Amino acid sequence: WLRDITARRQTEMQREGLLREIQAERQILSEIIEKSPVAISVLRAPDFIYELVNPAFQALAPGKQILGRRFSEIWGDVSDPPVAGLESAISTGRAFDAIDRHHTIQREPGAPPETIFVTSSWIPLIGPSGSPDRILTLAVETTERKQAEEQLRTINATLAAELEERTRAEREIRALSARLINAQ
């Protein structure tokens, strides 16, 4: 009546080891998402409901409960063009990039609204059916870069105007010098 259960016990131990590895990998992935400075979210199609939102993404809509709500509820009037992009990404299976889109946010209650710029990628995720059924969103606020670019444009325009003025003044001086030399 004795039965050798060594093989079964080894299988159970392997299974437990694999489960621990999976849990450790999930913990690492969860920590990466949670601590990432990149805004990360996952939207479930076809209604584009937020299933996952990290703190960096939540910072793009301060004071709003994003998780479990539709994209259009969170972003309101400006949601129509982006929803078309989300639908296209689901139907074609191709990523959609939005470069330096402006958004108006209120960072804290009572704070004045401010315009920020965000660059994002919307990446279709393949579900169990073999078709895209979710969108991974990766976004970075680009406001500081856009402001720096605008400052550079202003500086370049100022320098170009100064160069033009100096070039004009130099031509006048040369012309005056030539007249004085010819007058002698």
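Residues numbered from 1 in each chain as written. Predicted model: local features only at pLDDT ≥ 70, side-chain atom pairs only at ≥ 80, totals over all residues. Heavy atoms only, no water.

## Some details on the pairing of strand β5 (residues 132–141)
Let me state the cut-off plainly: Here a strand pair is declared whenever DSSP counts at least two bridges between the two strands. Working definition: helices are DSSP H or I runs of at least four residues, strands are E runs of at least two. Numbering for both runs from the N terminus.
Pairing between strand β1 (residues 39–44) and β5: 6 bridges, direction antiparallel. Residue pairing across strands places Ser41 opposite Thr137, the latter belonging to β5. Sheet analysis places strand β4 (residues 114–126) next to β5, joined by 9 bridges and oriented antiparallel. Residue pairing across strands places Val118 opposite Glu141, the latter belonging to β5. Turn length for the β4-β5 hairpin, with the two strands adjacent in sequence and antiparallel, is 5 residues, and the turn residue Gly130 shows positive phi of about 95°.

## Structural notes on the packing of aromatic side chains
Put simply, the test is: Put simply, two rings from Phe, Tyr or Trp (the six-membered ring, in Trp's case) pair if the centres are within 6.5 Å, and we call them stacked under 30 degrees between planes, edge-to-face over 60, tilted for the rest. Exposed residues in this analysis have more than 50% of their type's maximum accessible area, buried residues have under 20%, and partly exposed residues fall in between, with area computed by a 1.4 Å probe over protein chains only. Lysine NZ or arginine CZ positioned within 6 Å of the ring centre and within 35 degrees of the ring normal marks a charge as sitting over the ring.
On inspection of all chains with the given rule, the structure shows 6 aromatic pairs. Ring centres of Tyr50 and Phe71 lie 6.4 Å apart, and the angle between their planes is 25°; this geometry places the pair in the stacked category. Here Tyr50 is found in strand β2 (residues 49–53), whereas its partner Phe71 is found in helix α3 (residues 71–75), with 21 residues between them in sequence. When its relative accessible area of 6% is taken as the criterion, Phe71 is described as buried. With a centroid separation of 6.3 Å and an interplanar angle of 50°, the aromatic rings of Phe71 and Trp75 are classed as tilted. Of this pair, Phe71 and Trp75 both sit in helix α3, 4 residues apart, which is roughly one turn of that helix. Here Trp75 falls in the buried class, since its relative accessible area comes to 15%. Ring pairs connect the aromatic residues Tyr50, Phe57, Phe71, Trp75, Phe96 and Trp122, which therefore count as one cluster. Between Lys146 and the ring centre of Phe117, over which it is positioned, the NZ or CZ distance is 5.3 Å.

## Observations concerning the confidence of the model for the chain
Which entries qualify depends on this criterion: Note on scores: pLDDT gives the predictor's confidence for each residue, bounded by 0 and 100.
Residue-level pLDDT values for the chain average 90, and 97% of them are 70 or greater. By mean pLDDT, the top-scoring element of the chain is β2 (97), and the lowest-scoring one is helix α4 (residues 80–92) (85).

## Some words on the nonpolar core
Inclusion rule: What is meant by a nonpolar core is a set of buried Ala, Val, Leu, Ile, Met, Phe, Trp, Tyr and Cys residues, joined one to another through side-chain atoms within 4.5 Å. Contact definition: two residues touch when any of their heavy atoms are within 4.5 Å.
In terms of nonpolar packing, the biggest core is built from 22 residues, with Phe48, Tyr50, Leu60, Phe71, Trp75 and Ile135 touching the most fellow members. The set of elements that each furnish at least two residues to this core consists of β1, α3, α4, β4 and β5. Beyond its immediate chain neighbours, meaning those up to four positions away, Trp75 contacts Tyr50, Phe57, Leu60 and Ala61.

## Focus on the pattern of salt bridges
For clarity, the threshold we go by: Any Lys or Arg side-chain nitrogen found within 4 Å of a carboxyl oxygen on Asp or Glu counts as a salt bridge.
Per the counting criterion, the structure on display carries 13 salt bridges. For Arg44, the salt bridge goes to Glu51, with nearest N and O atoms at 2.9 Å. We note a salt bridge from Arg168 to Glu165, for which the minimum N-O separation is 2.3 Å. Here the residue Arg168 and the residue Glu165 both occupy positions in helix α5 (residues 143–183), the gap between them amounting to 3 residues, near one helical turn. Of the residues examined, Glu165 reaches a relative accessible area of 41% and is grouped as partly exposed. In the salt-bridge network here, residues are joined through shared partners; they are Arg44, Glu51, Asp133 and Arg134.

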